Amino acid sequence: MLSANRASLLGGIGVAVMTLALMIATESRMAIVWDEGYTLGREGRVRDWLRALRDPKTFAATWRPASPLKDLVQQVGVGPPRPDQVDTRAKLLDSRVVEWFWPFAREEPHGHPPFYAIVGMAGDVLAPSWELLPRARLGPMIAFSLTAGALFAFMMRRRGLWAGAATAGAWIFQPRLFAHGHYALYDALLTCLWVGSILAFTKAAEPGDPPTTRPRWRWVVAFGLLGAAAAGTKLTGWFLFLPFVAWTVVSRDRRAGRALAVGGLVALVALVALIPPWWSNPIAGVERFLRSNLSRGQTTEIPTAFLGQVYLTPQGSLPWYNTLVWTAFVTPVGFLALALAGTVWALRSARSRPLWLLVVIHWAFLLALRALPHTPGHDAERQFLPAFGCLALIAGLGGAWAVEALGWWGKALVIAALTEGAVSLAIMMPVPLSYYSPLVGGLPGAARLGMEPTYYWDALSDDALDRLNTVVRPGETLLLPAYTSSFRYLRQSGKLRPDFLWPEAMRYASRVPEWYIIQNRVGFLTDLERELIARAKPENVLASKWGVPLILIFRNQGSERK
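Residues numbered from 1 in each chain as written. Predicted model: local features only at pLDDT ≥ 70, side-chain atom pairs only at ≥ 80, totals over all residues. Heavy atoms only, no water.

### Looking at the overall build of the protein
Part 1 of the reasoning: Looking only at helices and strands, one finds 24 helices and 6 strands in the protein.
Part 2 of the reasoning: Scaling as 2.2 N^0.38, a compact globule of 562 residues should have a C-alpha radius of gyration of about 24 Å, and the protein matches this with 24 Å.
Part 3 of the reasoning: Here the C-alpha coordinates of the protein stretch approximately 80 × 60 × 45 Å along the principal axes.
Part 4 of the reasoning: Looking at the protein residue by residue over its 562 residues, the buried ones come to 57%.
Part 5 of the reasoning: Across the protein, contacts joining residues at least 24 apart in sequence account for 73% of those joining residues at least 6 apart. (Helix = DSSP H or I, 4+ residues; strand = E, 2+ residues; numbered from the N terminus. Rg over C-alpha atoms; globule rule 2.2 N^0.38 Å. Buried < 20%, exposed > 50% of the residue type's maximum accessible area, 1.4 Å probe, protein only. Contact = heavy atoms within 4.5 Å.)

### Quick word on the environment of K91
Part 1 of the reasoning: Structurally, K91 is set in helix α4 (residues 89-92).
Part 2 of the reasoning: Classification of K91 as partly exposed rests on a relative accessible area of 33%.
Part 3 of the reasoning: For the pair K91 and P276, spaced 185 residues apart in sequence, the C-alpha to C-alpha distance is 14 Å.
Part 4 of the reasoning: Ignoring sequence-local partners within four residues, the contact set of K91 consists of D84, Q85 and V97.
Part 5 of the reasoning: At a separation of 3.0 Å, a polar atom in the side chain of K91 contacts the side chain of D87. (Polar contact = N/O pair within 3.5 Å; in protein donor to acceptor, adjacent residues only side chain to side chain.)

### Topic: the pattern of salt bridges
Part 1 of the reasoning: By the definition in use, this model includes 26 salt bridges.
Part 2 of the reasoning: Where E36 meets R137, a salt bridge forms, and the shortest distance between an N and an O atom there is 2.7 Å. Remark: R137 occurs in helix α8 (residues 132-159) and E36 occurs in helix α2 (residues 36-54); sequence separation between them is 101 residues.
Part 3 of the reasoning: You can call R137 buried: its relative accessible area is 0%.
Part 4 of the reasoning: Each of E99, R106, E107, E287, R288 and R291 takes part in a single network of salt bridges with overlapping partners. (Salt bridge = Lys/Arg side-chain N within 4 Å of Asp/Glu carboxyl O.)

### Quick word on empty space enclosed by the protein
Part 1 of the reasoning: Tallied over the entire structure, the rule returns 2 cavities of 30 Å³ or more.
Part 2 of the reasoning: Empty space within the largest cavity amounts to approximately 50 Å³.
Part 3 of the reasoning: If you go around the largest cavity, the residues you meet are I32, V33, W34, W457, L460, T484, S486, F487 and L490.
Part 4 of the reasoning: Partitioned by chemical class, the residues of the lining of the largest cavity number 7 nonpolar, 2 polar and no charged. (1 Å grid on protein atoms, 1.4 Å probe; cavity = no way out; pocket = protein on both sides within 12 Å on 5 of 7 lines; lining within 4 Å. Points joined across faces, edges and corners; volume = space filled by probe spheres on them. Nonpolar A, V, L, I, M, F, W, Y, C, P; charged D, E, K, R; others polar.)

### Considerations on unusual backbone geometry
Part 1 of the reasoning: The omega angle of the peptide bond from E108 to P109 is 10°, so this bond is cis rather than trans.
Part 2 of the reasoning: Within the secondary structure, P109 sits in the loop between α5 (95-101) and α6 (115-120).
Part 3 of the reasoning: Note that the residue after T313, namely P314, is joined by a cis bond; omega there is 10°.
Part 4 of the reasoning: The phi dihedral of A105 is positive, around 55°, even though this residue is not glycine.
Part 5 of the reasoning: Its place among the elements puts A105 in the loop between α5 and α6.
Part 6 of the reasoning: Even without a glycine there, the phi angle at L307 is positive, about 50°.
Part 7 of the reasoning: For L307, the location among the structural elements is in the loop between β1 (302-306) and β2 (309-313).
Part 8 of the reasoning: Judged by relative accessible area, L307 falls into the partly exposed class, the value being 36%.

### A look at the pairing of β1
Part 1 of the reasoning: Counted residue by residue, β1 has 5 buried out of 5 residues, so it is predominantly covered.
Part 2 of the reasoning: Along β1, one buried face is formed by I302, T304 and F306 and the opposite face, lined by P303 and A305, is buried too.
Part 3 of the reasoning: Both β1 and β2 contribute to a ladder of 5 bridges, which runs antiparallel. From the neighbouring strand, A305 faces β2, where its bridge partner is V310.
Part 4 of the reasoning: Joining the antiparallel neighbours β1 and β2 is a turn of 2 residues, in which L307 adopts a positive phi near 50°. (Pairing = 2+ DSSP bridges.)

### Quick word on the side chain of E452
Part 1 of the reasoning: Its location among the elements puts E452 in the loop between α21 (442-448) and α22 (462-471).
Part 2 of the reasoning: Taking the relative accessible area as the measure of exposure, E452 reaches 5% and is therefore buried.
Part 3 of the reasoning: Looking at E452, its side chain comes within polar contact range of the main-chain nitrogen of G523, at 3.2 Å.
Part 4 of the reasoning: Ignoring sequence-local partners within four residues, the contact set of E452 consists of P303, T304, A305, Y436, R521, V522 and G523.

### Details of the packing of helix α11 (residues 187-205) against helix α12 (residues 217-231)
Part 1 of the reasoning: Interaxial distance between α11 and α12 falls to 8 Å at its minimum, and their mutual angle equals 160°. Judged on the interaxial angle alone, α12 and α11 are roughly antiparallel. Crossing hand, α11 versus α12: left-handed. Across the interface between the two elements, L190, L193, G196, S197, A200, F201, K203 and A204 from α11 touch W219, V220, A222, F223, L226, G227, A229 and A230 from α12.
Part 2 of the reasoning: The residue makeup of the contact of α11 with α12, split by class, is 12 nonpolar, 3 polar and 1 charged. (Axes fitted to C-alpha atoms, helices over the stretch in contact; angles between N-to-C directions. Parallel < 35°, antiparallel > 145°, perpendicular 65-115°, else oblique. Left-handed = near helix turned anticlockwise from the far one by under 90°.)

### Quick notes on the nonpolar core
Part 1 of the reasoning: Grouped together as the largest cluster of nonpolar side chains are 162 residues, with contacts concentrated most on F101, W171, F201 and L468.
Part 2 of the reasoning: When residues in this core are grouped by element, the largest group, 13 residues, is from α11.
Part 3 of the reasoning: Look past the residues within four positions of F201 in its chain and what remains in contact with it is F223, F244, W247, T248, A256, A259, L260 and L358.
Part 4 of the reasoning: Counting residues in each nonpolar core, the second largest holds 10 residues, with L479, Y516, L525 and I533 among its members. (Core = buried A, V, L, I, M, F, W, Y, C linked by side-chain atoms within 4.5 Å.)

Structure, rendered in structure tokens:
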């Protein structure tokens, strides 16, 4: 008979493999989203830098940077180096050269650190023959799948099979988290790293046999590396250690204190190693990064619809309860109920099992962090996605409590929650980012309440693109809302017609485009666009779900968009 450790390990491996198979099988149905094009461009620059390091002379002889009209990276910051500036390894490590090849961790639009791009380049090694977008997505999908397996194994070992199933299910079958898990971006990866840090810290600090004040040092190192990777992915990751500090101070756990102190030192060293633009001057690099990321409200305002009102975030703050509302609105009912039960159980068990309280503290901290005044409130759940990873852990506690307290009825509740999550995900494909809970009437009910039906251009699927390219007849053209790198990638890959225009190109156009396209992102809409959507006909709708239009196309009747 298998030991508990071996059974949980094998179970975790099985969950990870099945999750990865599901992710790969559904990847082609997930449209490129707004920010992914920038990732592809940044990874391309890093890829060139690594290629140059292998053979600087050969690289310099053929080095020709992409033209500004073809480059997927925003043309902000230092210009590309000349061939004579990249013909030795020493020159490739020059701070100005590194800054161009590594457009990360500084002023917007290059504010995010680079770890997500490093993970995205795993596809170059594992699947070099894949197309650029799925290849860049493979690393994040592997991270998402490994986290699913780790969550299952962790919870099964400590709270039983049903707890492991509930946790893994609340991770995999949360429709919006599942969608983010595919993207070559930072939010789902940060969620994986945040949850992984909780697991590593718990394994480092939980009591051993025999009891000792020393933590498990290999897990301390793992905790530090995961913390560094989280901070090296997004500014939010810099706040990761605060809940651990709060819990350690309150619990007065010396073993946890040592784990936190040593893990913090490991994280500090590893973080600098992960960010090449900081190598020449780490202190100045950190100062530049923080100054940029903490002043976004002065440079970027994003109109966001929430319960029927439009807020200019981050200058205008969403209501303090917005993260609570979002959690209730976009979490399947069964997982939400299990998480609430798990929270109650963790609070009641805080004295005897204090480490479970740590998960609740992380969940509450993440909800509170995004609810602070003047924090970025756009993109629905995306800005506090790690909270949904914590919710999955707490749902597992709720599942364990249900089985222990209610027996077979408790198992039926866990099965019902898993079924609801799986069905919700299946019926929302290929736009799981438009999922809303039955508690609010699904997507149609949320739209009536004044929530945004879509926000990331994720509804511009291959089917929508095929129809778009067909509706706009030869000789006609279309006005795109902007020329983001994602649209640029679609043009370069042949999925979007090259004669479609963008606003900046209108000054050179010989005529006004016959068509224009709208995403039903309520906060961004003008009065004219709201009126057009309200009286849209079926032929105007390129993509919809449950009767709610997500992407629409309209013929230009001679009136310009405001």
